[in-house]
Amino acid sequence: MNPNLPENMNNDINPADKLQEIQTFLTGQEFQVYTGEDREYEYLDEGYYCITLRNTKGNPLYIDLTDEFTLTYKEYWHCHYNPDSRGYSEMLHDLRGLLDNKLLVLDIYSKERWESSSLLDFDHATVADIDRQISVLPKEIVRRIKQDGAEIRLQFWDEDKSKIIRLEPDEK
(Lines give C-alpha, C1' and ligand atoms only; values in the text may rest on other atoms or scores of the structure.)
Protein backbone atom coordinates (compact mmCIF):
# COMPACT_ATOMS: atom_id res chain seq x y z
CA MET A 1 0.00 0.00 0.00
CA ASN A 2 1.24 3.46 -0.88
CA PRO A 3 1.94 5.33 2.38
CA ASN A 4 1.54 8.67 0.55
CA LEU A 5 -2.16 8.22 -0.26
CA PRO A 6 -4.49 10.91 1.10
CA GLU A 7 -6.18 9.93 4.36
CA ASN A 8 -9.62 9.75 2.72
CA MET A 9 -8.43 7.07 0.29
CA ASN A 10 -9.08 3.54 1.49
CA ASN A 11 -7.83 1.04 -1.07
CA ASP A 12 -8.92 -1.90 1.07
CA ILE A 13 -12.51 -2.05 -0.25
CA ASN A 14 -13.46 -5.30 -1.91
CA PRO A 15 -16.47 -4.36 -4.07
CA ALA A 16 -18.10 -7.76 -3.51
CA ASP A 17 -18.14 -7.01 0.22
CA LYS A 18 -20.48 -4.08 -0.51
CA LEU A 19 -23.22 -6.34 -1.94
CA GLN A 20 -25.48 -6.15 1.10
CA GLU A 21 -24.99 -2.38 1.50
CA ILE A 22 -25.90 -1.82 -2.15
CA GLN A 23 -28.95 -4.06 -1.81
CA THR A 24 -30.06 -1.90 1.13
CA PHE A 25 -29.32 1.24 -0.94
CA LEU A 26 -31.66 -0.17 -3.63
CA THR A 27 -34.58 -0.67 -1.24
CA GLY A 28 -37.76 -0.03 -3.21
CA GLN A 29 -36.17 -1.06 -6.53
CA GLU A 30 -36.66 -4.46 -8.14
CA PHE A 31 -33.33 -6.14 -8.84
CA GLN A 32 -31.65 -9.50 -9.19
CA VAL A 33 -28.20 -10.57 -8.05
CA TYR A 34 -26.20 -12.83 -10.36
CA THR A 35 -22.92 -14.71 -10.12
CA GLY A 36 -20.72 -16.48 -12.65
CA GLU A 37 -22.90 -19.57 -12.12
CA ASP A 38 -25.79 -17.81 -13.88
CA ARG A 39 -26.32 -17.98 -17.63
CA GLU A 40 -25.15 -14.79 -19.37
CA TYR A 41 -23.06 -13.84 -16.33
CA GLU A 42 -20.27 -16.37 -16.89
CA TYR A 43 -17.82 -13.47 -17.21
CA LEU A 44 -17.99 -13.04 -13.44
CA ASP A 45 -15.15 -14.75 -11.58
CA GLU A 46 -15.87 -16.62 -8.36
CA GLY A 47 -16.86 -14.21 -5.59
CA TYR A 48 -17.98 -11.47 -8.02
CA TYR A 49 -21.56 -10.24 -8.46
CA CYS A 50 -23.74 -8.36 -10.90
CA ILE A 51 -26.85 -6.60 -9.62
CA THR A 52 -29.30 -6.09 -12.47
CA LEU A 53 -32.18 -3.62 -12.40
CA ARG A 54 -34.68 -3.08 -15.21
CA ASN A 55 -36.59 0.13 -15.85
CA THR A 56 -40.27 0.19 -16.82
CA LYS A 57 -39.32 -0.40 -20.49
CA GLY A 58 -37.27 -3.46 -19.52
CA ASN A 59 -33.85 -1.92 -20.22
CA PRO A 60 -31.16 -2.98 -17.76
CA LEU A 61 -28.78 -1.14 -15.51
CA TYR A 62 -25.93 -3.34 -14.32
CA ILE A 63 -23.85 -2.88 -11.18
CA ASP A 64 -20.79 -5.11 -11.41
CA LEU A 65 -18.91 -5.85 -8.21
CA THR A 66 -15.62 -7.31 -9.40
CA ASP A 67 -12.13 -5.98 -8.77
CA GLU A 68 -13.77 -2.56 -9.19
CA PHE A 69 -17.28 -1.08 -9.27
CA THR A 70 -18.85 -0.71 -12.72
CA LEU A 71 -22.18 0.83 -13.73
CA THR A 72 -23.53 0.04 -17.20
CA TYR A 73 -26.72 1.47 -18.71
CA LYS A 74 -28.05 1.00 -22.20
CA GLU A 75 -25.83 -0.20 -24.99
CA TYR A 76 -22.74 1.93 -24.70
CA TRP A 77 -22.47 3.91 -21.47
CA HIS A 78 -20.52 2.44 -18.60
CA CYS A 79 -18.25 3.81 -15.95
CA HIS A 80 -15.55 2.17 -13.86
CA TYR A 81 -15.04 3.25 -10.26
CA ASN A 82 -11.99 2.56 -8.13
CA PRO A 83 -12.36 0.00 -5.33
CA ASP A 84 -11.82 2.60 -2.62
CA SER A 85 -14.02 4.86 -0.48
CA ARG A 86 -14.06 7.66 -3.02
CA GLY A 87 -14.87 5.35 -5.93
CA TYR A 88 -17.64 3.66 -3.96
CA SER A 89 -19.14 7.02 -2.98
CA GLU A 90 -18.98 8.27 -6.59
CA MET A 91 -20.64 5.08 -7.85
CA LEU A 92 -23.47 5.41 -5.32
CA HIS A 93 -23.90 9.09 -6.24
CA ASP A 94 -24.14 8.28 -9.95
CA LEU A 95 -26.45 5.32 -9.32
CA ARG A 96 -28.79 7.47 -7.20
CA GLY A 97 -28.69 10.24 -9.80
CA LEU A 98 -29.61 7.82 -12.59
CA LEU A 99 -32.43 6.19 -10.64
CA ASP A 100 -33.80 9.60 -9.61
CA ASN A 101 -33.55 10.94 -13.20
CA LYS A 102 -31.19 13.70 -12.07
CA LEU A 103 -28.41 12.23 -14.23
CA LEU A 104 -28.85 11.05 -17.78
CA VAL A 105 -26.82 9.26 -20.38
CA LEU A 106 -25.91 11.47 -23.32
CA ASP A 107 -25.32 9.31 -26.42
CA ILE A 108 -24.07 10.81 -29.67
CA TYR A 109 -24.63 9.04 -32.98
CA SER A 110 -23.60 10.09 -36.48
CA LYS A 111 -25.16 8.22 -39.40
CA GLU A 112 -26.38 5.48 -37.05
CA ARG A 113 -22.79 5.08 -35.79
CA TRP A 114 -22.25 5.39 -32.08
CA GLU A 115 -19.67 8.09 -31.38
CA SER A 116 -19.68 8.81 -27.67
CA SER A 117 -21.52 8.39 -24.37
CA SER A 118 -21.22 10.31 -21.15
CA LEU A 119 -23.12 10.91 -17.95
CA LEU A 120 -24.62 14.37 -17.67
CA ASP A 121 -26.38 16.21 -14.86
CA PHE A 122 -29.93 17.01 -15.98
CA ASP A 123 -29.50 20.61 -14.82
CA HIS A 124 -26.57 20.88 -17.28
CA ALA A 125 -28.33 19.34 -20.25
CA THR A 126 -28.64 22.63 -22.11
CA VAL A 127 -27.66 23.13 -25.74
CA ALA A 128 -24.48 24.91 -24.61
CA ASP A 129 -23.54 21.97 -22.37
CA ILE A 130 -24.17 19.51 -25.18
CA ASP A 131 -22.06 21.68 -27.49
CA ARG A 132 -19.26 21.51 -24.89
CA GLN A 133 -19.58 17.70 -24.77
CA ILE A 134 -19.20 17.57 -28.56
CA SER A 135 -16.34 20.07 -28.67
CA VAL A 136 -14.11 17.90 -26.44
CA LEU A 137 -14.52 14.81 -28.61
CA PRO A 138 -11.65 13.71 -30.84
CA LYS A 139 -11.34 15.88 -33.97
CA GLU A 140 -12.29 12.98 -36.26
CA ILE A 141 -15.63 12.56 -34.49
CA VAL A 142 -16.32 16.31 -34.54
CA ARG A 143 -15.55 16.29 -38.29
CA ARG A 144 -18.03 13.43 -38.88
CA ILE A 145 -20.70 15.23 -36.87
CA LYS A 146 -20.19 18.42 -38.89
CA GLN A 147 -20.21 16.49 -42.14
CA ASP A 148 -23.01 13.99 -41.47
CA GLY A 149 -25.07 15.56 -38.70
CA ALA A 150 -25.81 13.77 -35.47
CA GLU A 151 -28.47 12.37 -33.25
CA ILE A 152 -28.08 13.33 -29.61
CA ARG A 153 -29.96 10.97 -27.29
CA LEU A 154 -30.68 12.15 -23.76
CA GLN A 155 -31.54 8.89 -22.01
CA PHE A 156 -33.13 8.82 -18.60
CA TRP A 157 -33.86 5.84 -16.36
CA ASP A 158 -37.53 6.84 -16.80
CA GLU A 159 -37.44 6.54 -20.56
CA ASP A 160 -40.64 8.58 -20.95
CA LYS A 161 -38.44 11.61 -20.13
CA SER A 162 -35.85 10.75 -22.79
CA LYS A 163 -35.34 13.11 -25.71
CA ILE A 164 -33.63 13.07 -29.09
CA ILE A 165 -32.01 16.15 -30.60
CA ARG A 166 -31.02 16.06 -34.26
CA LEU A 167 -28.16 18.16 -35.56
CA GLU A 168 -28.12 18.79 -39.27
CA PRO A 169 -24.84 18.54 -41.21
CA ASP A 170 -22.62 21.60 -40.77
CA GLU A 171 -24.73 22.74 -37.83
CA LYS A 172 -21.80 22.09 -35.50
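Residues numbered from 1 in each chain as written. Predicted model: local features only at pLDDT ≥ 70, side-chain atom pairs only at ≥ 80, totals over all residues. Heavy atoms only, no water.

> Hey, could you go over the overall build of the protein for me, with residue numbers and the actual values?
Across its full length, the protein holds four helices and nine strands. Reading the protein from its N end, one meets helices and strands in the order α-β-β-β-β-β-α-β-β-α-α-β-β. By principal-axis analysis of the C-alpha atoms, the protein measures approximately 50 × 45 × 30 Å. By residue count, 41% of the 172 residues in the protein fall in the buried class. Here the analysis covers contacts within the protein between residues at least 6 apart in sequence; of these, 45% occur between residues at least 24 apart. Accessible surface, the protein as shown: approximately 10300 Å² in total, 45% of it carbon and sulfur. (Helix = DSSP H or I, 4+ residues; strand = E, 2+ residues; numbered from the N terminus. Buried < 20%, exposed > 50% of the residue type's maximum accessible area, 1.4 Å probe, protein only. Contact = heavy atoms within 4.5 Å. Areas by Shrake-Rupley, 256 points an atom, 1.4 Å probe, with all protein chains shown as cover.)

> Can you lay out the side chain of S117 for me, pointing to particular residues and giving the numbers?
Along the chain, the position of S117 falls in strand β7 (residues 113-121). Among all residues touching S117, those that are not within four sequence positions of it are Y76, W77, L106 and D107.

> Pulling in residues and values, what's your account of the packing of aromatic side chains?
According to the stated counting rule, one finds seven aromatic pairs in the structure shown. The interplanar angle of 50 degrees and the centroid separation of 5.6 Å between the aromatic rings of Y73 and W157 together place this pair among those described as tilted. You can see Y73 sitting in strand β4 (residues 69-73) and its partner W157 sitting in the loop between β8 (150-155) and β9 (163-167), a full 84 residues away along the chain. Since its relative accessible area comes to 9%, W157 is described here as buried. Ring centres 4.7 Å apart and planes at 20 degrees place the aromatic pair Y76 and W114 in the stacked group. A residue pair is termed long-range when its members are at least 10 positions apart, and Y76 in the loop between β4 and β5 (77-81) and W114 in strand β7 qualify at 38 residues. Taking relative accessible area as the criterion, Y76 reaches 33% and is therefore assigned partly exposed. (Phe/Tyr/Trp six-rings, centres within 6.5 Å; stacked < 30°, edge-to-face > 60°.)

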